[in-house]
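Overview (structure and organization)
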Amino acid sequence: MGKEHKGTNITWHASRVSVTTREQLLGQQGYVVWLTGFSGSGKSTIACLLEERLIREGHPAYVLDGDNVRHGLNRDLGFSAQDRDENIRRVGEVAAMFSKAGVVAIAAFISPYAKGRQEAREAAGDDAFVEIFLDTPIAECEQRDPKGLYKKARAGQISDFTGIDGPYERPPNADITLHTERFTPPECIEQILQFLGSRHLLAARHTH
Ligand SMILES: Nc1ncnc2c1ncn2[C@@H]1O[C@H](COP(=O)(O)OP(=O)(O)OP(=O)(O)O)[C@@H](O)[C@H]1O
Ligand SMILES: [Mg+2]
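This report concerns the structure included in the present document. (Residues numbered from 1 in each chain as written. Chains lettered and ligands numbered in written order. Predicted model: local features only at pLDDT ≥ 70, side-chain atom pairs only at ≥ 80, totals over all residues. Heavy atoms only, no water.)

1. What to know about the site of ligand 1
This is how it is decided: To be near a molecule or strand, a residue needs just one of its heavy atoms within 4 Å of it. The definition of a polar contact used here is a pair of N or O atoms within 3.5 Å, where within protein one atom must be able to donate a hydrogen and the other to accept one, and adjacent residues in sequence count solely through side-chain atom pairs. Here the accessible surface of atoms and residues is derived via Shrake-Rupley with a 1.4 Å probe, and residues count as covered only by protein chains that are part of the display. The numbering of helices and of strands both runs from the N terminus, where a helix is a DSSP run of H or I of at least 4 residues and a strand a run of E of at least 2.
Around ligand 1 sit 18 residues, and of these Ser39, Gly40, Lys43, Thr45 and Phe183 come closest. Gly40 has a polar backbone atom sitting 2.8 Å from an oxygen atom of ligand 1. Within the side chain of Arg144, a nitrogen or oxygen atom sits 3.2 Å from an oxygen atom of ligand 1. In isolation ligand 1 has 650 Å² of accessible area, and contact with the protein removes 79% of it. Of all the elements, helix H2 (residues 43–56) adds the most residues to the shell around ligand 1, at four residues.

Have a look at this one:
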């Protein structure tokens, strides 16, 4: 399947291995779990707990985390609107690759713009993308301030900080909305697993 590209001498070379064959090898369907929300809303915390739980139950899973990808893949990017878009575009593509390889890609990114999240959904395909909105009030996130970033943003040391002086477009149709100020991390994980189960995303796929 060809994709939009800038070069004129680029041709899509199809794989000899089908998605189904890969899924049978790994015993599951690959998909993307996309976590969006303010800094401090709990994305990394939930992503890592979910990854641990899925792997413990035999599901290959891998976390793509905002801070971590900025150490490598996206270390050339900053926090301007343009760089944030590019950050999410690349990660959306990488998450889709993991998913097509049969792995559960758990992406933890503030991802403040609806357009970027929609593009990530399109890269993976609608039935292989689960959007989770961590609807944690900004006051709660600021009070948690696990990395001291809100303090710096308030002191004017960081600009365009999401929720303080940077925009966040709330997802109107998230698959799951987590209220982390009311539920503990393990309770949030149960809510996610319940949803994944209802979408048949926790069912084992075996070769017959
Ligand atoms: N239900 C919950 N789910 C997730 N985190 C919670 C919950 N309740 C309290 N917390 C706490 O909130 C903090 C969330 O921090 P975390 O680093 O996961 O946020 P983040 O969304 O990844 O932020 P950033 O965008 O800056 O990376 C942690 O200290 C965590 O212990
Ligand atoms: Mg994080």
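More follows now that the structure is in view.
2. Some words on the sheet that holds strand E4 (residues 129–134)
What counts here: A pair of strands is considered paired only if DSSP assigns at least 2 bridges between the two. A fitted line through C-alpha atoms represents every axis, and for helices the fit uses only the stretch in contact; the resulting angles, taken between N-to-C directions, go from 0 to 180 degrees. Residues are treated as being in contact if the distance between any of their heavy atoms lies within 4.5 Å.
Strand order in the open sheet made by the five strands is E2-E3-E1-E4-E5, with parallel pairing throughout. Single-partner strands in this sheet number two, and they are strand E2 (61–65) and strand E5 (176–178). Put simply, the sheet's adjacent strands are angled 20 degrees from each other on average, direction ignored. When strand E1 (residues 31–36) meets strand E3 (residues 104–108), the two strands line up parallel, connected through five bridges. Across the sheet, Val32 pairs through a bridge with Ala105, a residue of E3. In the packing of helix H4 (residues 81–100) onto the sheet, contacts are made with E1, E2 and E3, and the angle to E1 comes to roughly 145 degrees.

3. Comments concerning the packing of aromatic side chains
As a reminder, the rule being used: Aromatic contacts are taken between Phe, Tyr and Trp rings whose centres are within 6.5 Å, Trp giving its six-membered ring; a plane angle under 30 degrees counts as stacked, one over 60 as edge-to-face, and the others as tilted. Accessible area is worked out with a 1.4 Å probe on protein chains only. A residue is then buried under 20% of its type maximum, exposed over 50%, and partly exposed in between. Consider the ring centre and the ring normal. A charge sits over the ring if Lys NZ or Arg CZ is within 6 Å of that centre and within 35 degrees of that normal.
The final tally for this structure, using the stated rule, is six aromatic pairs. The interplanar angle of 55 degrees and the centroid separation of 5.2 Å between the aromatic rings of Phe38 and Tyr168 together place this pair among those described as tilted. With a gap of 130 residues between them, Phe38 in the loop between E1 and H2 and Tyr168 in the loop between helix H7 (149–154) and E5 connect regions that are remote in the sequence. Each of the two residues, Phe38 as well as Tyr168, counts as buried. Chaining the aromatic ring pairs together yields one cluster made of Trp34, Phe109 and Phe129. A cation over an aromatic ring shows up here: Arg70 above the ring of Phe79, its NZ or CZ 3.8 Å from the ring centre.

4. Notes on the packing of H2 against helix H8 (residues 185–198)
For clarity, the threshold we go by: Orientation labels follow simple angle bins: below 35 degrees gives roughly parallel, above 145 gives roughly antiparallel, 65 to 115 gives roughly perpendicular, and whatever is left gives oblique. By the definition used in this description, the sense in which the near helix is turned from the far one sets the handedness, with an anticlockwise turn below a right angle giving left-handed and a clockwise turn giving right-handed.
Taken N-terminus to C-terminus, the directions of H2 and H8 make an angle of 60 degrees; their axes are 10 Å apart at the nearest point. Judged on the interaxial angle alone, H8 and H2 are oblique. Seen from above, H2 lies across H8 with right-handed handedness. Of the residues in H8, those in contact with Thr45, Ile46, Leu49, Leu50, Arg53 and Leu54 of H2 are Pro185, Cys188, Ile189, Glu190, Ile192 and Leu193.

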